[in-house]
Amino acid sequence: MDSLEKAINEYKSIEIPKEELEARVRGAIKKARAIRAKAAPVWAARGAAAASGLIITLNAAPSVAMAAAEAPGLRGVVNALTFNRFNLTDGKRRAEVSLETPQIAEGAAPEAIVSSLNAKYLKEQREAYEKFIADAGLDKPDSDEIINRSLSAGAEVVKNDGGLLVIKHWTLETAGSSLETRRFDNIDVENGVILSLPALFKDDGYIGAINAEISRQMAEQEASGEKTYFHDDGYFGEFFETISPDAKFYINSGNKLVIVFDKYEIAPGSAGLPEFIIPTDVISSHLAGDLYIN
Amino acid sequence: MLNRIEKYCVENRTVMYRLAYGYTKNRDDALDVVSDAVLRALTTKSAPRGEELKPWFYGIVVSAALDFLRKRKDRANIEGGDALMNIPASGDNAPDEDLMEAVNRLPEPDRTIIMLRFFEDLKIEDVAKATNLRVSTTKTRLYAALKKMRGFSQLAEYAKNTATM
């Protein structure tokens with residue numbers, strides 16, 4: 001065998017650590033997706049921000065006392081505190097923050113629940129805000145990085161029928177493209193409990209039943225061309241397999257169970273945050289009762 | 001669902017690993033290079049299409065590998081050893097010396113040119129694109145490199161026969 005052939009052979013016959021290689025490529029793709037979700041829009045915004053000739057003033061310090069000055073605007077049982085709204089521009093950097101912190105009114109639910117949820121909402125938004133400031137580099141006054149981002153957060157009452165109070169709270173971060181997160185609290189006002197998904201059912205059969213229904217709706221939406229979802233392409237773990245007992249859910253105004261997924265969790269970003277309304281008859285044999293869902 | 005470049009990375013993962021290993025000669029380091037190359041490929045603003053994709057992709061793996069080696073060298077220097085810079089005096093190719101070792105001893109970008117041209121079988125034009133060199137420069141360096149490894153006449157022969165590819 002001549003030396004070239006030998007060398008090429010040697011080069012081509014190295015052992016490939018198949019599983020690890022696959023895992024590393026998959027990991028890097030995932031990481032790149034996360035980076036793109038954040039950074040790509042900043043590239044896109046660069047030209048626009050430079051061209052618009054924004055007035056260069058720092059009209060709000062990026063240090064805001066979150067729990068200061070309550071300005072309750074009454075919206076039914078949930079008061080929105082709208083004191084955290086400011087713009088920050090200094091030419092290169094443009095950030096808008098608009099946070100409406102939901103606060104459940106006293107007496108709308110048992111005291112312990114009201115205070116713990118209100119504390120949770122404040123904490124959540126404070127954390128979202130601090131993360132936003134750090135991610136955007138706004139905590140570094142001398143940074144040269146070009147920033148064009150916004151953060152908003154708020155809440156709405158999905159359902160309030162005297163028995164159940166359902167609050168949806170969300171954050172929306174945009175840096176060109178947007179990333180929304182939605183969370184729900186389903187509160188049994190009469191009994192003073194925050195509902196968990198497993199607590200709605202008397203056995204574990206609900207998981208299989210809901211999975212089957214979600215798969216059915218996904219297939220239906222894909223067939224009609226309405227939405228696309230991730231599938232098992234052999235390389236990604238990101239596709240719908242099963243809900244977990246702590247899946248995001250809420251009970252809608254029609255007393256139907258709705259299962260919610262995050263953006264990118266089971267579908268490309270274009271699909272938004274997929275929600276599946278589960279017809280009650282597919283889960284009725286597993287329901288603990290018809291108090292909440294019927 | 002994988003996008004175009006993600007799919008390309010997945011499909012070419014073995015090629016990436018092989019090339020990375022060609023530089024690092026070490027499994028774990030090669031995996032690091034692959035991971036970095038995928039990240040670079042996917043976070044670049046615009047990836048080319050069609051025939052331009054292949055040399056562009058190779059170029060990314062090469063620069064990820066070279067950056068890695070640079071860092072490894074810095075680290076080795078800081079740690080006080082230069083065991084990784086295992087470069088013997090050049091010029092005397094013992095007749096039984098492994099061609100692979102001779103390639104490894106070439107300075108950059110000659111080593112990359114040789115690896116892409118012979119081991120990965122890229123066209124000269126694609127090697128030039130991957131290394132960001134002019135075609136004429138690539139050819140010149142290729143022959144200079146072959147001359148340096150003059151013990152390997154067959155390689156030179158092969159290069160001559162395929163020079164028009």
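Residues numbered from 1 in each chain as written. Chains lettered and ligands numbered in written order. Predicted model: local features only at pLDDT ≥ 70, side-chain atom pairs only at ≥ 80, totals over all residues. Heavy atoms only, no water.

Points about the overall build of chain B
From N to C terminus, chain B includes nine helices and zero strands. Scanning chain B from its N terminus toward the C terminus, one meets helices and strands in the order α-α-α-α-α-α-α-α-α. For chain B, the proportion of its 165 residues judged to be buried stands at 48%. Within chain B, contacts between residues at least 6 apart in sequence are counted, and of these 63% link residues at least 24 apart. Split by element, the accessible area of chain B, about 8,500 Å² in all, is 50% carbon and sulfur. (Helix = DSSP H or I, 4+ residues; strand = E, 2+ residues; numbered from the N terminus. Buried < 20%, exposed > 50% of the residue type's maximum accessible area, 1.4 Å probe, protein only. Contact = heavy atoms within 4.5 Å. Areas by Shrake-Rupley, 256 points an atom, 1.4 Å probe, with all protein chains shown as cover.)

Quick look at the interface of chain B and chain A
Contacts between the two partners involve 35 residues from chain B and, on the opposite side, 32 residues from chain A. At the boundary of chain B with chain A, total buried surface from both sides reaches about 3,300 Å², with 68% on carbon and sulfur atoms. On the chain B side of the contact with chain A, Met1, Arg13 and Arg18 of chain B bury the most area, a combined 19% of that side's loss. In this structure, glutamate 22 of chain A and arginine 13 of chain B form a salt bridge, with 3.4 Å as the shortest nitrogen-oxygen distance. Across the contact surface, chain B and chain A share six residue pairs in polar contact (both at pLDDT 80 or more). Among the secondary structure elements, those contributing two or more residues to the side of chain B that touches chain A are helix 1 (4-11), helix 2 (13-24), helix 3 (27-43), helix 5 (99-105), helix 6 (110-119) and helix 9 (153-161) of chain B. Ranked by the residues each element gives to the side of chain B that touches chain A, the list is headed by helix 3 of chain B, at nine residues. Residue composition of the side of chain B that touches chain A, by class: 21 nonpolar, six polar and eight charged. (Buried area = accessible area lost by both parts, 1.4 Å probe. Salt bridge = Lys/Arg side-chain N within 4 Å of Asp/Glu carboxyl O. Polar contact = N/O pair within 3.5 Å; in protein donor to acceptor, adjacent residues only side chain to side chain. Nonpolar A, V, L, I, M, F, W, Y, C, P; charged D, E, K, R; others polar.)

Some details on the confidence of the model for chain B
Here chain B averages 80 in pLDDT, while 76% of its residues score no lower than 70. Mean pLDDT across the elements of chain B bottoms out in helix 9 of chain B (58) and peaks in helix 2 of chain B (94). (pLDDT = per-residue confidence, 0-100.)

Focus: the sheet that holds strand 9 (residues 257-260) of chain A
Residue and element names in this part refer to chain A. Taken in spatial order, the three strands make up an open sheet running 8-9-10, and their pairing is antiparallel. The two strands at the open ends of the sheet, each matched to only one other strand, are strand 8 (248-251) and strand 10 (275-278). With direction set aside, neighbouring strand axes in the sheet form an average angle of 25°. Of the strand pairs in this sheet, strand 9 and strand 10 are connected by four bridges, and their pairing is antiparallel. Bridge pairing in strand 10 links leucine 257 to isoleucine 278. (Pairing = 2+ DSSP bridges. Axes fitted to C-alpha atoms, helices over the stretch in contact; angles between N-to-C directions.)

Structural notes on the pattern of salt bridges
Residue and element names in this part refer to chain A. Under the criterion given, the structure shown has 27 salt bridges over all chains. Between glutamate 275 and arginine 182 there is a salt bridge whose closest N-O contact spans 3.2 Å. In this pair, glutamate 275 is assigned in strand 10 and arginine 182 in strand 6 (residues 177-188), connecting sequence segments 93 residues apart. Note that aspartate 262 and arginine 183 form a salt bridge whose closest N and O atoms lie 3.2 Å from each other.

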